[in-house]
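Here's the letter readout for the chains.
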Protein chains: 2
Amino acid sequence: MSDRKEFRDLATPEAARDAIAALDLAPEPETVSLSEARGRVLAERIDAAIDVPGFDRASMDGYAVRARDTFGADEADPAELDLVGAVHAGATPEVVVEPGTCAEISTGAVMPDGADAVVMVERTDELREHEAADTDDPDRIAVRTSVAPGDHVMSAGADIAAGARALGPGTRLTPREIGLLSALGVDEVPVRGRPRVGIVSTGDELVRPGEPLDPSRGEIYDVNSTTIAAGVSEAGGEPVLYPHAGDDYAQMERLLRQAADECDLVLSSGSTSASAVDVIYRVIEERGDLLLHGVAVKPGKPMLVGRLDRGGSEGTDDETESDDDAPAGSSAYIGLPGYPVSALTIFRTFVATAIREAAGQPEPAAATVEGRMGVGERYGEGRLRLMPVGLLDLAGGPAAESPAGDASLPLVYPVDKGSGATTSLVEADGVVAVDPDTEYLDAGERVTVQLFSPDVRPPTLLGVGEDDPALNRLLDRLDRPRYLPVGSREGLRRLRDGVPDVAVVAGPTDREVDSVALGGWTREWGLVVPADNPADVDGLGTLVDRDLRFVNRPTDSGLRRSLDEAVDALAAERSVPRGDLAERIDGYQRTVRAFESPVRAVAAGDADAGLGLRATAERLGCGFVSLGEQSVVVRAAPDRADRESVRALAAAIDAIGTEEDGLLDGLAGYSRNSRNEP
Amino acid sequence: MSDRKEFRDLATPEAARDAIAALDLAPEPETVSLSEARGRVLAERIDAAIDVPGFDRASMDGYAVRARDTFGADEADPAELDLVGAVHAGATPEVVVEPGTCAEISTGAVMPDGADAVVMVERTDELREHEAADTDDPDRIAVRTSVAPGDHVMSAGADIAAGARALGPGTRLTPREIGLLSALGVDEVPVRGRPRVGIVSTGDELVRPGEPLDPSRGEIYDVNSTTIAAGVSEAGGEPVLYPHAGDDYAQMERLLRQAADECDLVLSSGSTSASAVDVIYRVIEERGDLLLHGVAVKPGKPMLVGRLDRGGSEGTDDETESDDDAPAGSSAYIGLPGYPVSALTIFRTFVATAIREAAGQPEPAAATVEGRMGVGERYGEGRLRLMPVGLLDLAGGPAAESPAGDASLPLVYPVDKGSGATTSLVEADGVVAVDPDTEYLDAGERVTVQLFSPDVRPPTLLGVGEDDPALNRLLDRLDRPRYLPVGSREGLRRLRDGVPDVAVVAGPTDREVDSVALGGWTREWGLVVPADNPADVDGLGTLVDRDLRFVNRPTDSGLRRSLDEAVDALAAERSVPRGDLAERIDGYQRTVRAFESPVRAVAAGDADAGLGLRATAERLGCGFVSLGEQSVVVRAAPDRADRESVRALAAAIDAIGTEEDGLLDGLAGYSRNSRNEP
C-alpha cells in the first residue's frame, strides 16, 4: 500500500469542497409535465408565447359601453342607452355596441366590438318601456356614472404579453410559478435534471431492512444506504440503491463500474472494515482517478473523492446494454465513513451541497439554525470537528420572553454516543462545525447548527431518566418530546447539569437535585420467570440458593436500585455480607439495557429469572414474583417548570387516573400518584 | 336568494378558521414502504422489535480477549496471549476465547464466547515462534495495555433494546428517522394518510393548459386548479383534479357529489362569475350543509365553507361503483375566490393549515419571514386585509452589516395589480395580514410575511423599467432577480420612491432621479412592417399620409418617448400642430403592452405597421424602417449601488461586448455603451 503515501497529509476541508465542486454531477435537463413540476428548477427562461388575457376582457359584471356615451352622466342625470344584447364568459360576442347602445357583460367575457369600457352593474338601472312586463328583459339601461375608455377592462396582453419574459432560468417551481405557467398554457417545462446518485454499500454483515437477520452471524441491518438515499432525494437527486458488495475485489469492481455507467455520482458507504475500504481504494486507483484520500475533519477522516471510468459494465451479467449506449467519460465518486451519524454528517456537509448545486436547488433557508451551547465543551483534535448536537426549542417559556435575545435561541448540547450508535441519528438534530483552533466552547456561547434536514424540528421538551411503559404512552401525548432513557441516576445527574427539562426517577435515589416534582405513578416490580414459574421461584432467596440463570438491569436504573435494597435486606436477614449474597446469584452482573430486555431473555429461554415489571411480564406472557412497588416521579428543572411544554406534561400527569384518561389501562401493577404525594 | 340572508353579516376570520377546523379532513392512516416514507408522518409509536445490535459487537479492529488476562499489562510489561483464531464481520465465531488466549476480530464482528473486551490492534504486537516465517500467521499476541470488561464492545441492545420506544407518533420522517427504522429492520411504516382534496373549477371559459385556446370566445387557461393542486401537494395532501364544470346546475351537482364521494375535502375555484357561485351555493344548500358564507377578509369575502353529502354519485355515468362502496357521511367543502392571487391567499391562510393538520404535517418554519415595509401604505376597509407583498432580500450589502437589526430584514412592498392578474402570483412572494383596526403601515415598520410557499426565496435584486430583449438575457445571468417591466417613466418614478435597486431607462426622459448609471447599450428602433414592406412605408410621414393601421406602445415606454419626439420633429418640419399629426395616424392611441406586441400584431396581419425594435422585427420575420437609435441605461439607487447583487449586475453590463460575452449576439441593431458613456 505504498501508493497511498501521496495522501499521507490529510486534505483541508476546503480542498475537499473544492475537489467535490470540480466533479461534474449535473445531468442533462429534462422535460416534465406541469403536474410533476413542483419543486423542480427551470432549466431555461420561459417567455410568454401568448397574450394573457388573449382578448380585451371585462373585469366586472355590468354593461359594455362606449365610454364617450357616458361622459357627464351621474346619479342625477343618467345616460340612457339601448340594450342590444348580452355577452357571457366563454362565448363569442354576437353584438356590436354602436353609439348610444350597450350590452350586458359578465366578468371575464370578451368586450364586444365598439365597446371600450364597462359600467359596473351597481351604477345602472334597468328601464322598461312596458312597466307591467317586468319579467321581460329591459329595453334600456340608465347609466348613473361616467367611465373612461378602458375602465373595468383588462386589455389583451395587459397581464403578460406574448414575447415578455415570464420566468428566468434557475427559478424553483412553487405553486405560484405553476399558476403563471398555466396561464401561459404551458403544460410541460424544461427543468434541471436530477442527478442520479448510486449508493453502493459494503460489508458482508449488512442486510436490507425487511429481510431476515441472523445476529449469530453478526448481521445487522443496513442503515447508511437508506439514510443516504433519503438524503439524496431531499437534496434533489435520484437515489439508486445497488446490491450489497462484500469485500471481494471483482464483485466490488463490477458494482462500482455498473453504478458509474448508470449514475452521475457514486457514493459508497456502510463498511467500517479496513479491508472493504482497501478494495474500493484499489478499484478507484485502477479504474478511475483518486483525487483525495483523507480529510482533516472529525468524523470523516477516511473520506475518498475521485472519478470512476465509465464504459466498464459491458462485461457484467447484464448484456442488454449495447456498446453504443455505454456512456463516455467518468462519474464522480465519494466514499463516506461507515458510522451512520458520521456518514450523514459528511453527506450533509460535503455531498448534499454538490447534489443541490447540480440539481439547481438552493440550500433551504430552514437547513441552518442559530442556537446557544447548553454546556461547555472542550476540543483538541487540531482538525475541523463536526460535532453532532441535539437541540431543545426553548420557545414558549419565561426565558423566551426576553426580546429576540440569545435566551430564546434553542439550547444546543453535544450528542456523541460513539461506536456507531444509530440512535444518535435521532438524538442529534444536526452538527456544529468547530474550528480546529477552537479549544473550548463556553456554555451560553452562540453557535450555528447545520440541521441534518431542513425538515428537522427541534424537540419542545427534553426528558431523561428511567424507561417505563407508562412514560412511553405519556410521551405519545406530547408535541415533539425527546426522551433519553439513560436511567434514573444518570437522569438526575443530567438534570443537575442544566440541559434537560425533566428527569424521570424510579425507586430510591441517593442524589439530591433541586427540582420540582410534577407527579407520577407507582409500578410493581419483581422477578420475571417463565410462565407457570417452573422453577418455583418465590423470591430473591431462590436465586441465591439455587442454580438459576438471572438477568439484571444496570446500576443506573431505578429497578436495579430497588433490587439492591432487597439484596441488602436479605443479607441483613441472613446476617451475611451483601457482596457474598450477590456473588451467589448467577447473572447478577449480567445487565441488559431496557425494561423489557430481561423479560425477553426469560421468554426466549435464555434465563430462568429476570428483573422486571409485572406489566411487562404479563404483556410478554411470563410469570411474575412480586418484590414490591416503586414510585416513578417526573421532576422538572426549577427554571423550566413554567415552560409551556413542561406544563403540558404536568397536566397530562395530573390527568392520570381520571375517568377519560386511560394512560394506565392494561398496565398491570400500575397505579396513580398525585402531584402532592410523589 | 332570500335564503342567503342568514349570512348577511360576514363571519370573522377566526370564525372561518374555527369552521374549517371543525371539518374532519383527516383520512385513515396507511402503510408505506420505507423507501417512500420520507416526508410522511408516523401514525403511531414505533417500538424496537429487536435489539440493536443483536449481539455483542466489536467496535474496533483488534483482538478479542478476557479483560482479566490483560490486568496490569502496559508498554513495559505486555501480556502475552495465544492467538486461537479470527472472527470477521458477518461471520459466526468459530473460536472460544479461553483464559490466556485471544482471537483476532474486525470491527462489527460478533464477540466470541469467553471474550469480554477488545484490545485495539494499535496496542498489540504479533509474536512469532519462528522468526524466519514472518509471512505465517503469528502464534502469540503481545497486549501492551490493560482493558476493562466491555471495552470496545457494544453489547447487544446497547444502541436500542427490543421493547424500547424508538419514534413517537407524529414524527416527521426525515433521512435520520429512516436510518433508525432501517436499523430496526422496519421496511414499512404506518403513516398519517394524505387527505384527498378534490378541485372543481367552474367557468365555461376555462381551458386546461396544453389544450388549444380560442381567445375570440373569451377562453383563458385555468390557473387556479393547477396552482391549488400544487399547493395541496405542498401541504401534504393529494390533489384530484375534476373536469371543468360550467354554470349548469345538474353538471355541477354531479361533479361536486362525485368529488365528495372520492375526497376528504372538495375545493371549488376558478370562476369569478356570480352565476357559477350561485349554482355551487344551491348544490351545497340542497346536498350538504352550508356553514359559512362570506368572511370579513380582503380578498376572500365570498368564501364558502360547508359539507357535501356523500353517496351522491350513484346516478352518474360512472356506474361501476356499487352502493356498498358508497362512502358514508360527508366531505368537507371550501369555496375559494376566483382571482388567482386571492385564491392562493385564501388557500394559504385558511385551507393549507387544515390540510397540514389533517396530514399531521407541521407548518414549515420557512413559511413565514420577518420584513420591513419599504413604503407606507394606508388601509381603511374595516376588515382583515391579506395584502399581497413582494420581498427584496437586502442581505449582502452595506445595510446588512448592522448586527441583526431591522436594516438587514427583507424589504416588503405591496403588490396589487387587481383585476385578477396572474403575474401578481410571481410578483408577490406572500401576504401580510393587516388588522382591521390598522389604518396605516409606516415605511420601515416591521411586518410578518406569510410566504406563498416555504420554497419561496425572496429575490436578491429588484429592477423596474423598460422591457428589452438584451435585458432579458442579462437577467438570466443573475441569481434570483425580479424585474417588473413597467416602462422607463414609471421605472424612474419607482426608483425615486425607494423600493427597487435599479431602473432601466430607454430613450429620452423628463424625470431627474438621483441615481448611479451602471452602463447600458444602444438599440435601433423604428417602424416594423410586414416582410418586404408591401405598403412601401419609408417613415413616419407614410403613416400620416396614408390609410395604414398602426400599433403603438404606451406613453410609459421609452420607445414611445422616442416616437413622440419624432412626431414633434415631423410636425415642426411640416409646420402643423403635433396633435393634428398624431390624430392622422390610425392607431396612434392603440397601445399594446410589451416590446414584441406591435411586431406580433404586424406579423399576424392585424396591423400595417408597429412601433418596435430592429432586433424583434428580424426575429419575427418582419420588415423594418429605422427611425433612429436610443440608449438603454441601467440606473441604480445610490444607496443600493454597493449591494452584492447590484455589483454583479454592473459587472455583467461591463462585460458586454468583450470577447467571451455574447450578450448582444444575434440582436440586430444593438451595440454596447460603456459605463462612462451612457
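Described in the following lines is the structure provided in the data block. (Residues numbered from 1 in each chain as written. Chains lettered and ligands numbered in written order. Predicted model: local features only at pLDDT ≥ 70, side-chain atom pairs only at ≥ 80, totals over all residues. Heavy atoms only, no water.)

Looking now at the relation of the copies chain B and chain A. When chain B is fitted onto chain A, the two copies agree to an RMSD of 0.1 Å after a turn of 180° and an axial shift of 0.0 Å. Taken together, these values place the two copies in the relation of a two-fold axis. Taking C-alpha positions as the reference, the residue of chain B nearest the rotation axis is B:A366, at 2.8 Å. When the interface residues of chain B are mapped onto chain A, 100% of them again lie at the interface, so the same face is used by both copies. (Least-squares fit on C-alpha atoms with pLDDT ≥ 70 in both. Contact = heavy atoms within 4.5 Å.)

Right, let's talk about the sheet that holds strand β4 (residues 62-65) of chain A for a bit. Residues and elements named next belong to chain A. Ordered in space as β7-β4-β6-β5-β9-β8, the six strands form an open sheet in which the pairing is mixed. The open sheet has two edge strands, β7 (117-120) and β8 (124-127), and neither has a second partner. Between one strand axis and the next, the sheet turns by 40° as a mean value, whatever way the strands run. Here four bridges tie β8 to strand β9 (residues 140-143), and the two strands are oriented antiparallel to one another. Looking across to β9, one finds that D125 is bridged to A142. (Pairing = 2+ DSSP bridges. Helix = DSSP H or I, 4+ residues; strand = E, 2+ residues; numbered from the N terminus. Axes fitted to C-alpha atoms, helices over the stretch in contact; angles between N-to-C directions.)

In total, this model carries 84 salt bridges over all chains according to the counting rule given. For B:R172, the salt bridge goes to A:D455, with nearest N and O atoms at 3.6 Å. Note that B:R172 is positioned in the loop between β11 (165-167) and α2 (175-183) and A:D455 in the loop between β28 (446-451) and β29 (461-465), a pairing that runs across two chains. When the shortest N-O distance is used, the salt bridge between B:R45 and B:D47 registers 2.9 Å. On the basis of relative accessibility, which here comes to 22%, the residue B:R45 falls in the partly exposed class. (Salt bridge = Lys/Arg side-chain N within 4 Å of Asp/Glu carboxyl O. Buried < 20%, exposed > 50% of the residue type's maximum accessible area, 1.4 Å probe, protein only.)

Residues and elements named next belong to chain A. Every buried residue of helix α1 (residues 13-22) is listed here: P13, A16, A19 and I20. Projection of α1 onto a plane perpendicular to its axis shows the buried side chains occupying an angular sector of 120°, all on one side. The outward face of α1, more than 90 degrees from its buried face, is lined by the exposed residues D18, A21 and A22. (Arc of directions from axis to C-beta.)

Bringing the interface of chain B and chain A into the picture now. Between chain B and chain A, the contact holds 102 residues from the first and 102 residues from the second. For the pair chain B and chain A, the two sides together bury roughly 7800 Å², of which 56% comes from carbon and sulfur. For chain B, the biggest contributors to the area lost against chain A are B:R165, B:P175 and B:R176; these three give 9% of the whole. Linking chain B with chain A are 10 salt bridges, by the criterion used here. Residue A:R38 pairs with B:E234 through a salt bridge whose shortest N-O separation is 3.9 Å. (Buried area = accessible area lost by both parts, 1.4 Å probe.)

Bringing the packing of helix α1 (residues 13-22) of chain B against helix α6 (residues 340-359) of chain B into the picture now. All names here are of chain B. Direction vectors running N to C along α1 and α6 enclose 25°, while the axes themselves pass 10 Å from each other. Our classification of the angle between α1 and α6 gives roughly parallel. Read as a crossing pair, α1 and α6 show a hand that is right-handed. Each of P13, A16, R17 and I20 in α1 lies in contact with α6, whose residues at this interface are T349, F350 and A354. (Parallel < 35°, antiparallel > 145°, perpendicular 65-115°, else oblique. Left-handed = near helix turned anticlockwise from the far one by under 90°.)

Okay, the sheet that holds strand β18 (residues 288-293) of chain B next. Residue and element names in this part refer to chain B. Strands sit in the order β16-β13-β17-β21-β20-β18 across an open sheet of six strands; the sheet is mixed. A strand with exactly one partner marks an edge of an open sheet, and here the two such strands are β16 (238-241) and β18. Strand-to-strand, the axes of this sheet are offset by a mean angle of 20°, without reference to chain direction. In this structure, strand β13 (residues 196-201) lies alongside strand β17 (residues 265-269), joined through five bridges in parallel fashion. Of the residues in β17, the one forming a bridge with S201 is S269. Sheet contacts for helix α4 (residues 249-262): β13, β17, β20 (304-309) and β21 (330-335); angle to β13, the most-contacted strand, approximately 170°. α6 contacts β13, β17 and β21 of the sheet and is inclined by roughly 160° relative to β17.

Residue and element names in this part refer to chain A. Negative charge collects at one region of the surface, where E104, E129, D137 and D139 lie side by side. If you trace the backbone, D137 turns up in the loop between β8 and β9. Overall, the relative accessible area of 65% leaves D137 in the exposed class. (Patch = residues over 30% accessible without salt bridge, like charges linked within 9 Å, V, L, I, M, F, W, Y side chains within 5 Å. Areas by Shrake-Rupley, 256 points an atom, 1.4 Å probe, with all protein chains shown as cover. Lys, Arg positive; Asp, Glu negative; His and termini not counted. Charge placed at Lys NZ, Arg CZ, Asp CG, Glu CD.)

Further remarks concern the pairing of strand β24 (residues 384-392) of chain B. All names here are of chain B. Of all nine residues in β24, nine are buried; the element is thus mostly enclosed. Both faces of β24 are covered, namely the face carrying L384, L386, P388, G390 and L392 and the face carrying R385, M387, V389 and L391. Examined bridge by bridge, strand β19 (residues 297-298) and β24 share two bridges and lie parallel to one another. The residue of β24 that forms the bridge with V297 is L384. Relative to strand β26 (residues 430-434), β24 is paired through five bridges, and the arrangement is antiparallel. Across the sheet, the residue bridging to L386 is A433, located in β26. Strand direction decides the pairing type here: β24 and strand β25 (residues 411-414), joined by four bridges, are antiparallel. Bridged to L392 within β25 is L411.

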